[in-house]
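Structural features, examined
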Amino acid sequence: MAEKETKKGKRGILLINLGTPDTPDTASVRTYLTEFLNDPRVIDISAVGRAILVNLLIVPFRSSRSAALYKQVWTDRGSPLLFHTIDLKDKVQEQLGSEYVVEMGMRYQSPSIKEALEKLRKEKVNEITILPLYPQYASSSTGSTIEKVFSLIKKWEVIPSLKIISSFYDHPAFIDSFIRKGKEFVNDQYDHFLFSYHGLPERQILKASDAYGSNYCQLGKCCNSLNKNNQYCYRANCFETTRHLVKGLNIPDGKWSVSFQSRLGRDPWIKPYSDVVLEELAKGGKKNILVFSPAFVADCLETTHEIGTEYKELFQHHGGENLTLVTSLNSENHWVDAVCRICTE
């Protein structure tokens with residue numbers, strides 16, 4: 001094996017997550033939000049409109065509030081999203097061994113994708129597998145990440161073989177890993193099971209449908225099955241992930257729902273909304289709910305605080321008693337195994 005590595009070089013793997021402020025201070029959060037929200041794939045309106053909306057309205061008024069929220073989830077090791085991703089990278093490297101070079105980067109802020117790619121280039125890898133750590137494809141996450149990789153690597157004199165994994169929402173290893181995590185929580189005390197995914201503006205779902213040569217998307221029952229027309233529809237991906245998890249966890253029909261969280265602004269986002277669903281469930285007499293968030297493979301602000309704190313308080317305010325969040329995969333050993341499979345199959 002050593003002779004093979006000398007002649008052909010090692011294989012590179014680049015794990016990419018969304019990003020996080022460097023610190024929970026307002027200045028760092030402002031820097032992070034400015035980079036994140038000025039991405040034309042994230043807020044997909046005209047450049048002038050985006051500049052006004054982000055730089056004059058959202059960032060000045062949202063930075064201090066977001067900083068306060070980040071402080072609530074910050075730990076001695078810093079941002080949960082960052083250290084969980086670092087731990088995952090280290091464990092994947094250990095498991096795959098010396099034939100591979102595993103690096104990680106963040107789409108926004110640090111450590112940057114550019115830094116990670118430079119490390120791989122210095123190792124003279126002969127191929128690179130790119131894994132954006134977003135299970136379900138979306139232009140604003142996966143698409144933006146892949147575009148950033150291409151914009152950087154196109155400047156290299158020597159471009160090695162590239163493998164892009166644009167989604168893994170139904171990959172057996174990912175599904176099995178989330179089922180294993182879910183089984184740690186699922187029991188008879190829960191009245192209902194909610195699968196809450198990060199939301200997107202409806203226009204982005206429709207644009208993806210049009211871009212794939214189909215007017216198939218109706219933002220409704222068309223997501224009840226997956227086919228060639230909606231295989232890159234984020235909403236359809238989310239429903240497909242849920243169907244696999246429901247089956248693997250033996251959750252009965254009528255006891256589970258799919259919803260979407262974290263909406264921003266006044267434009268319509270994909271429905272149903274998680275906060276609305278939770279309010280309706282509480283008013284309908286549900287007392288104990290277990291919430292999954294399978295759009296995230298590492299715990300972060302959207303899981304720990306938005307679901308674990310805000311949604312819990314909302315549910316209790318409207319008559320519910322207990323809302324429990326299923327923690328994410330983070331760097332669990334079964335998730336490390338899954339990432340190795342996804343990257344090397």
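Look up a bit, the structure's there.
As a starting point, this report considers the structure included with it. (Residues numbered from 1 in each chain as written. Predicted model: local features only at pLDDT ≥ 70, side-chain atom pairs only at ≥ 80, totals over all residues. Heavy atoms only, no water.)

**Structural notes on the sheet that holds strand β4 (residues 161-164)**
Selection criterion: Pairing between two strands requires that DSSP report at least two bridges joining them. Each helix is a run of DSSP H or I of at least 4 residues and each strand a run of E of at least 2, with the numbering of both proceeding from the N terminus. Helix axes are fitted only over the stretch in contact, all axes being lines through C-alpha atoms; the angle between N-to-C directions runs from 0 to 180 degrees. Contacts: residue pairs with any heavy atoms within 4.5 Å of one another.
Strand order in the open sheet formed by 4 strands is β2-β1-β3-β4, with parallel pairing between adjacent strands. With one partner strand each, in any of the chains shown, β2 (100-108) and β4 form the two edges of the open sheet. Taking the axes of each pair of neighbouring strands and ignoring which way they run, one obtains an average angle of 20° across the sheet. As paired strands, strand β1 (residues 11-19) and β2 are joined by 8 bridges and run parallel to one another. Bridge pairing in β2 places R11 opposite Y100. Seen against the sheet, helix α2 (residues 26-37) touches β1 and β2 and runs at an angle of roughly 95° to β2.

**Examining the sheet that holds strand β8 (residues 322-325)**
An order of β6-β5-β7-β8 is seen for the 4 strands of this open sheet, with the pairing classed as parallel. Taken across any chain shown, the strands that pair with only one partner, and hence form the sheet edges, are β6 (256-261) and β8. The average undirected angle you get between the axes of adjacent strands in this sheet is 25°. When strand β5 (residues 192-198) meets β6, the two strands line up parallel, connected through 6 bridges. From the neighbouring strand, Y197 faces β6, where its bridge partner is F260. The sheet contacts of helix α11 (residues 301-317) involve β5, β6, β7 (288-292) and β8, and relative to β8 the element is tilted by about 170°.

**Brief notes about the packing of helix α7 (residues 172-183) against helix α9 (residues 234-249)**
When two helices pack together, their arrangement is given by the angle between their axes and by how far apart the axes lie. Put simply, the test is: Oblique is the label for every angle not falling under 35 degrees (roughly parallel), over 145 degrees (roughly antiparallel), or within 65 to 115 degrees (roughly perpendicular). Crossing handedness is read from the near helix: turned anticlockwise from the far helix by less than a right angle, it gives a left-handed crossing, and turned clockwise, a right-handed one.
Where α7 meets α9, the axes come as close as 9 Å, and the angle between the chain directions of the two elements is 50°. One way to sum up the angle between α7 and α9 is to call them oblique. Both α7 and α9 take part in a crossing whose hand is right-handed. Along the contact surface, α7 presents F174, I175, F178, I179, G182 and K183, while α9 presents T241, H244, L245, G248 and L249.

**Concerning a nonpolar patch on the surface**
Keep this limit in mind: To count toward a patch, a residue needs a relative accessible area above 30% and no salt bridge. Like charges then connect within 9 Å, nonpolar side chains (Val, Leu, Ile, Met, Phe, Trp, Tyr) within 5 Å. Note on areas: Shrake-Rupley, 1.4 Å probe, and residue coverage restricted to the protein chains presented here. What counts as a salt bridge is simple: a side-chain nitrogen of Lys or Arg found within 4 Å of a carboxyl oxygen of Asp or Glu.
There is a patch of nonpolar side chains on the surface, built from I45, V48, I52, L53, L56, L57 and F61 and spanning about 680 Å² of accessible area. Position of I52 relative to the elements: it lies in helix α3 (residues 47-73).

**Quick notes on the pattern of salt bridges**
Applying the stated criterion across every chain yields a total of 17 salt bridges. R180 is the salt-bridge partner of D176, the closest N and O atoms lying 3.1 Å from each other. Taken together, the residues span about one helical turn, with D176 and R180 both in helix α7 at a distance of 4 residues. Linked by salt bridges that have partners in common, D44, R203, K207 and D267 make up one network.

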